[in-house]
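Here's the letter readout for the chains.
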Amino acid sequence: MASFVRESKYRHVNVELARREQWYEQLNVSSHLPDGNLIAASSKSLAYVDAGGGGSGVSVIPLTSVGKNHIPVTASTYRVPVVRAHAGPVNDVVFDRFDPDTLMTCAADAEVRLWSLPTGGMVEDLSAPASSISAEGIASWRELAVHPS
């Protein structure tokens, strides 16, 4: 029986790492291991579950904020602005596909919250959600998915 080797269309593909100045460094990502995502991105922002506060906050930085310093120039305090999302650890973070300024979070406190981020980017902490859903009889929300319609 004759054997043959199928040629791969990916054999000449090389991976090239971005330069170090284009990396996102010193992000304080939570070590909590949920079923959902700890990091999410839209066309404008990068959101990650912040380790400060026991993983109950979400830091949001603009995609243009690469390197080591992610503090906005106009911020009143010298730290990354945080969405004070939940009382318990955040299990999932998702951006709306059609609106890059809409962020959704779910957590161990059995609540799903919808956040409307400022259009110009976050400069101060955000603690009031645009909307909130609480479910009785559910111990905690694990994952979120955005329906395309």
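Residues numbered from 1 in each chain as written. Predicted model: local features only at pLDDT ≥ 70, side-chain atom pairs only at ≥ 80, totals over all residues. Heavy atoms only, no water.

**Here we look at the overall build of the protein chain**
Selection criterion: Helical segments are the DSSP runs of H or I of at least four residues, strand segments are the runs of E of at least two, and each set is numbered from the N terminus. Buried, partly exposed and exposed residues are distinguished by accessible area as a fraction of the type maximum, computed with a 1.4 Å probe on protein chains only: under 20%, between the cut-offs, and over 50%, respectively. Any pair of residues with heavy atoms lying within 4.5 Å of one another is described as a contacting pair. The Shrake-Rupley method, run with a 1.4 Å probe sphere, supplies the accessible areas, and residue values consider only the shown protein chains as cover.
Broken down by element type, the protein chain carries zero helices and eight strands. Taken along its principal axes, the extent of the C-alpha atoms in the protein chain is 65 × 45 × 30 Å. When each of the 149 residues of the protein chain is scored for burial, the buried share is 38%. Across the protein chain, every contact between residues at least 6 apart in sequence was considered, and the portion connecting residues at least 24 apart equals 50%. Accessible surface for the protein chain amounts to roughly 9,700 Å². Of this, 53% is attributable to carbon and sulfur atoms.

**With respect to the side chain of S42**
For clarity, the cut-off: As used in this structure description, the phrase polar contact means that two N or O atoms lie within 3.5 Å; if the pair is within protein, one of them must be able to donate a hydrogen and the other to accept it, and residues adjacent in sequence are counted only when both atoms belong to side chains.
Note on placement: S42 falls in the loop between β1 (39–41) and β2 (45–50). For S42, a relative accessible area of 13% corresponds to the buried category. Looking at S42, its side chain comes within polar contact range of the main-chain nitrogen of K44, at 3.2 Å. When residues no more than four places from it in sequence are discounted, the contact partners of S42 are L63, F95 and P100.

**Overview of the sheet that holds strand β7 (residues 111–116)**
Spelled out, the test is: Here the rule is simple: two strands pair whenever DSSP picks up at least two bridges between them. Angles here are taken between N-to-C directions and fall from 0 to 180 degrees, while the axes themselves are lines fitted to C-alpha atoms, restricted in helices to the stretch in contact.
The sheet built from four strands is open, its strands ordered β5-β6-β7-β8 with antiparallel pairing. Two strands bound the open sheet, and with one partner strand each, they are β5 (90–95) and β8 (131–134). Each adjacent strand pair in this sheet contributes to an overall mean axis angle of 15°, direction not counted.

**Examining the environment of A130**
Counting through the fold element by element, A130 comes out in the loop between β7 and β8. Separated by 15 residues in sequence, A130 and W115 have C-alpha atoms that sit 5.2 Å apart.

**What to know about the nonpolar core**
Selection criterion: Joining through side-chain atoms within 4.5 Å is the link that ties buried Ala, Val, Leu, Ile, Met, Phe, Trp, Tyr and Cys residues into a set, and such a set is a nonpolar core.
Counting residues in hydrophobic clusters, the biggest one holds 16 residues, and the most contacted among them are A47, V58, V60, V83, V93, L103 and L117. Those elements that provide at least two residues to this core are β2, β3 (57–62) and β5. Examining the composition of this core, we find that three residues originate from one element, β5, more than from any other. One finds V94, C106, V112 and L144 within the second-largest nonpolar core, a separate group that totals six residues.

**Some points on unusual backbone geometry**
One non-glycine residue, A110, lies in positive phi territory at about 65°. The residue A110 is located in the loop between β6 (102–107) and β7 in this model.

**Here we look at the pattern of salt bridges**
Two side chains bearing opposite charge may form a pair once their charged atoms approach each other closely. Selection criterion: By definition, a salt bridge exists where a carboxyl oxygen of Asp or Glu is found within 4 Å of a side-chain nitrogen of Lys or Arg.
If you walk through the whole model with that rule in mind, you get five salt bridges. Salt-bridge contacts for D101 lead to K44; the nearest nitrogen and oxygen are separated by 3.1 Å. Remark: K44 occurs in the loop between β1 and β2 and D101 occurs in the loop between β5 and β6; sequence separation between them is 57 residues. Residue class for D101 comes out buried when judged on its relative accessible area of 11%. For R84, the salt bridge is made with D125, and the minimal N-O distance between the two is 3.1 Å. Of the two residues, R84 is situated in strand β4 (residues 82–84) and D125 in the loop between β7 and β8; the sequence distance between them amounts to 41 residues. Residue D125 is classed as partly exposed on the basis of its relative accessible area of 30%.

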